[in-house]
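The primary structure of each chain is shown beneath.
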Amino acid sequence: MSISITKLFAKTDTQEPYQPIKLVFLVRTHAKLIALFKRLKCIEFDSINNQWHCFRQAEIKHITMISERSYEPFKLATLIISETRLQVHVNSFERAYSILPWLCQQLDKVEVT
C-alpha cells in the first residue's frame with residue numbers, strides 16, 4: 001500500500017498546507033488600533049468571540065496568492081487585541097507571506113511594533 005506524503009498533512013479550507021503561525025505585536029495606543037480596524041473594510045469585528053477577522057476583500061483584494069481560491073472573500077487572519085498586545089493568527093505560510101507586508105504598513109500608522 002502506498003500513501004502519498006501530501007495526503008498526510010492537514011490542509012486549510014482552501015487546500016493550502018496547514019501551518020499555524022502566531023505573531024505578537026506591542027500595542028502602544030489601543031484606541032488608535034481599534035479606530036484603524038474600524039476604518040478598514042477588509043477587517044470585520046466578531047463580537048461573539050471578541051476578535052477581528054481580516055478578509056481578502058476591499059483594500060487588500062489585490063493581494064495575490066500562490067494558488068487559486070474557489071471563493072472570495074476568504075479569511076486571511078484572525079486578530080486578537082488586548083490592552084498591550086495584538087496577536088495575529090494565520091493558518092498557512094502562504095497567507096502570512098501574502099498579508100504581513102500590508103498589515104505591517106497599517107500597524108506602523110498607529111505605532112504598533
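See above for the structure.
Student: Sorry if this is basic, but what is going on with the pairing of strand S3 (residues 51-55) here?
Tutor: Side chains on a regular strand alternate between the two faces of the sheet. Taken across its five residues, S3 has five buried, putting it largely inside the fold. Residue alternation in S3 divides its side chains into two sets, Gln51, His53 and Phe55 and Trp52 and Cys54, and both sets are buried. Pairing analysis gives four bridges linking strand S2 (residues 43-46) to S3, with the strands arranged antiparallel. Of the residues in S3, the one forming a bridge with Glu44 is His53. Connecting the antiparallel pair S2 and S3 is a turn made up of four residues, with Asn50 showing a positive phi of about 55°. Bridge count between S3 and strand S4 (residues 75-81): four bridges; the pairing is antiparallel. Bridging across to S4, Cys54 finds its partner in Ala77.

Student: Just checking my understanding: could you explain the packing of aromatic side chains for this structure?
Tutor: Between two aromatic rings, the relevant description is the distance of the centres plus the angle of the planes. This model, assessed by the stated rule, comprises three aromatic pairs. By the ring-pair criterion, three or more aromatic residues cluster together here, those being Phe37, Phe45 and Trp52.

Student: In this structure, what is going on with the nonpolar core? I would like to understand it.
Tutor: Soluble globular proteins: nonpolar side chains tend toward being buried together. Leu33, Phe37, Cys54, Leu79, Leu86, Ile99 and Trp102 are the most contacted members of the largest nonpolar core, which has 29 residues in total. Breaking this core down by element, the ones donating at least two residues are helix H2 (30-39), S3, S4, strand S5 (85-90) and helix H3 (93-109). Tallying contributions element by element places H3 first for this core, with six residues. Apart from residues no more than four positions distant in its own chain, Trp102 is found in contact with Leu40, Cys42, Cys54, Glu59, Ile60 and Ile63.

Student: Mind showing me how you'd approach the sheet that holds strand S1 (residues 21-26) here?
Tutor: Adjacent strands of a sheet pair through backbone hydrogen bonds, lying either parallel or antiparallel. Strand order in the open sheet formed by five strands is S1-S5-S4-S3-S2, with antiparallel pairing between adjacent strands. Of all strands in the sheet, those with a lone pairing partner are S1 and S2, marking the two edges. Between one strand axis and the next, the sheet turns through 25° on average, direction left out of account. As defined by bridge partners, S4 adjoins S5 across four bridges and the pair is classed as antiparallel. Counted as the bridge partner of Ile80 is Gln87 from S5.

Student: Whenever I open this one, the side chain of Thr78 confuses me. Can you help?
Tutor: Tracing the sequence through the fold places Thr78 in strand S4. In terms of polar contacts, Thr78 uses its side chain to reach the side chain of His53, at 3.3 Å. One polar contact links Thr78 to Lys75, side chain to side chain, over a distance of 3.4 Å. Residues in contact with Thr78, not counting those within four places in the same chain, are Gln51, Trp52, His53, Gln87, Val88 and His89.

Student: Just to check I follow, could you spell out H2 for this structure?
Tutor: Since the α-helix advances by 3.6 residues per turn, residues separated by three or four positions end up pointing in the same direction. Looking at H2, one finds that the buried residues are Leu33, Ile34, Leu36 and Phe37. Buried residues in H2, looked at end-on, bunch into an arc of 160°, giving them a common side. Facing away from the buried side of H2 by over 90 degrees, the exposed positions are Ala31, Lys38 and Arg39.

What counts and what doesn't
- Residues numbered from 1 in each chain as written.
- Predicted model: local features only at pLDDT ≥ 70, side-chain atom pairs only at ≥ 80, totals over all residues.
- Heavy atoms only, no water.
- Buried < 20%, exposed > 50% of the residue type's maximum accessible area, 1.4 Å probe, protein only.
- Helix = DSSP H or I, 4+ residues; strand = E, 2+ residues; numbered from the N terminus.
- Pairing = 2+ DSSP bridges.
- Phe/Tyr/Trp six-rings, centres within 6.5 Å; stacked < 30°, edge-to-face > 60°.
- Core = buried A, V, L, I, M, F, W, Y, C linked by side-chain atoms within 4.5 Å.
- Contact = heavy atoms within 4.5 Å.
- Axes fitted to C-alpha atoms, helices over the stretch in contact; angles between N-to-C directions.
- Polar contact = N/O pair within 3.5 Å; in protein donor to acceptor, adjacent residues only side chain to side chain.
- Arc of directions from axis to C-beta.

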